[in-house]
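Listed below, chain by chain, are the residues.
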Amino acid sequence: MKILKNDTIVSGMRPTGALHLGNYFGALYNWIKLQNDYKCLFFVADWHALTTGYEDTSDINNNITSLVTDWLSAGLDPDKCSIFLQSSVKEHAELHLLLSMITPLSWLFRCPTYKDQLAQIKDKNITNYGFLGYPCLMSSDILLYKAKFVPVGEDQLPHLELTREIARRFNYLYGEVFPEPAPKLTEAKVLPGTDGRKMSKSYGNTISLSDSPETVKNKVSTMITDPARIRKNDPGHPEVCTVYAFHKVFNPNDISEIEEQCCGGKIGCVQCKKKLANSMVESLAPIYEKRQEILSKPDYVNDIVQKGNKEARSIAEKTIEEVRSVMKIDWNASK
Ligand code: TRP
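Since we're looking at a predicted model, the values are computed, not measured.

**Q** Describe in detail the overall build of the protein chain, supporting the description with residues and values.
**A** Check the secondary structure of the protein chain and you find 15 helices and five strands. Its C-alpha atoms put the protein chain at 85 × 45 × 40 Å along the principal axes. Expressed as a percentage of contacts within the protein chain between residues at least 6 apart in sequence, the contacts between residues at least 24 apart total 78%. Distance from the positive charge centre (41 side chains) to the negative charge centre (41 side chains) of the protein chain: 1 Å.

**Q** So what's going on with the site of the ligand? Which residues, and what values?
**A** Around the ligand, a shell composed of 13 residues is seen, among which Arg 14, Tyr 134, Met 138, Asp 141 and Gln 156 lie nearest. A distance of 2.7 Å separates a nitrogen atom of the ligand from a polar side-chain atom of Asp 141. Between a nitrogen atom of the ligand and a side-chain N or O atom of Gln 156, the distance comes to 2.8 Å. Within the complex, the protein chains bury 91% of what would otherwise be the 370 Å² of accessible surface of the ligand.

**Q** Report on the state of the cysteines, specifying residues and quantitative values.
**A** Applying the stated criterion across every chain, the model contains zero disulfides. Among the cysteines around Cys 263, which has no disulfide bond, Cys 262 carries the closest sulfur, lying 5.3 Å off. With no disulfide of its own, Cys 269 has Cys 241 as its nearest cysteine by sulfur position, at a separation of 6.1 Å. Under the relative-accessibility criterion, Cys 269 is labelled partly exposed at 22%.

**Q** Explain the environment of Leu 185 residue by residue, including any values.
**A** With respect to the helices and strands, Leu 185 occurs in the loop between strand S5 (182–184) and helix H10 (213–221). Taking the C-alpha atoms as reference points, Leu 185 and Leu 162, 23 residues apart in sequence, are found 17 Å from one another.

**Q** With reference to specific residues and values, describe the environment of Ile 255.
**A** Of note, Ile 255 is situated in helix H12 (residues 255–263). If near-sequence neighbours (up to four positions away) are discounted, Ile 255 is found in contact with Tyr 244, His 247 and Lys 248.

**Q** Give me the lowdown on the pairing of strand S1 (residues 8–13), citing residues and values where you can.
**A** Within S1, five of the six residues are buried, which leaves it mostly tucked inside the rest of the structure. Sheet analysis places S1 next to strand S2 (residues 39–44), joined by six bridges and oriented parallel. Directly across from Ser 11, in S2, lies its bridge partner Phe 42. Between the parallel pair S1 and S2, the chain is carried across by helix H1 (residues 21–34), and the sense of this crossover is right-handed.

The rules behind these values
Residues numbered from 1 in each chain as written. Predicted model: local features only at pLDDT ≥ 70, side-chain atom pairs only at ≥ 80, totals over all residues. Heavy atoms only, no water. Helix = DSSP H or I, 4+ residues; strand = E, 2+ residues; numbered from the N terminus. Contact = heavy atoms within 4.5 Å. Lys, Arg positive; Asp, Glu negative; His and termini not counted. Charge placed at Lys NZ, Arg CZ, Asp CG, Glu CD. Near = heavy atom within 4 Å. Polar contact = N/O pair within 3.5 Å; in protein donor to acceptor, adjacent residues only side chain to side chain. Areas by Shrake-Rupley, 256 points an atom, 1.4 Å probe, with all protein chains shown as cover. Disulfide = S-S within 2.5 Å. Buried < 20%, exposed > 50% of the residue type's maximum accessible area, 1.4 Å probe, protein only. Pairing = 2+ DSSP bridges. Right-handed = clockwise from strand over helix to strand, strands pointing away.

As structure tokens, this is what we get:
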């Protein structure tokens, strides 16, 4: 059956380093499913990375390559979706500028993510124009492609709300150009970090998509289990155990057996971890192998991004033409 890809989906990630399993199950896994049913555009939000990381830009280029490599290894398919770089499609900047003219400062100042980040980030000065305008740039990313749905995490919902407000204001002022995009919240499997806290790079408790089988095994062996369990025969409490939380995701079919063995003191933590490590290495093997294949072809990632840039540009150029026309700033085109 041929799928009619009528609805457009747009989403982006900032290039901040190797993706971990939390990112994979939280977002990428859904992107990979969506590419079969929608017209999907996925991009590296490198300009967004500058809003907080403008001072030290030394990692950005490498992070862009590694992010796209992660996407492709995990299963984004350039024949099914467009993969591109935000800064290679200059129309993002043009639409951002035009939308900034009609975005009231109060909308930006009251954005909860702006207030939270200002309070949290103490080691960098982010009291800049670019950081305040983050949601306006994000609105441009979405509206430029007239996206119908935007797969994002809950933390991004205020930005989506703002995008709809900006779209309404534009349409009211100049004429109907932009459909109002809706968030696409998808059920995400939640994995803790190896120490039981939320998986996060800043805690140093991540397992990366690019980790080798040996690294995965080592990291599993350091996972925190039930602290009350000292000897193998002690009854365990799976609900407080990190290894068990991972088994739920990687061994869903055996989960009741694992629970019973743990609670009954029939399996030791070391053995339970070995079982997990083996399943993880097996499930992650296709991703790892695909990565090796990609890394063996030096131009592969670049070629895919160049192709995606072209696809994105051809849509973006049309939208900008329309925007200039309804705003009556199309003097050149009218000559
Ligand atoms: N702000 C998003 C994040 O941090 C990244 C992003 C930028 C984005 N532009 C976007 C996501 C447009 C969806 C659509 O996760």
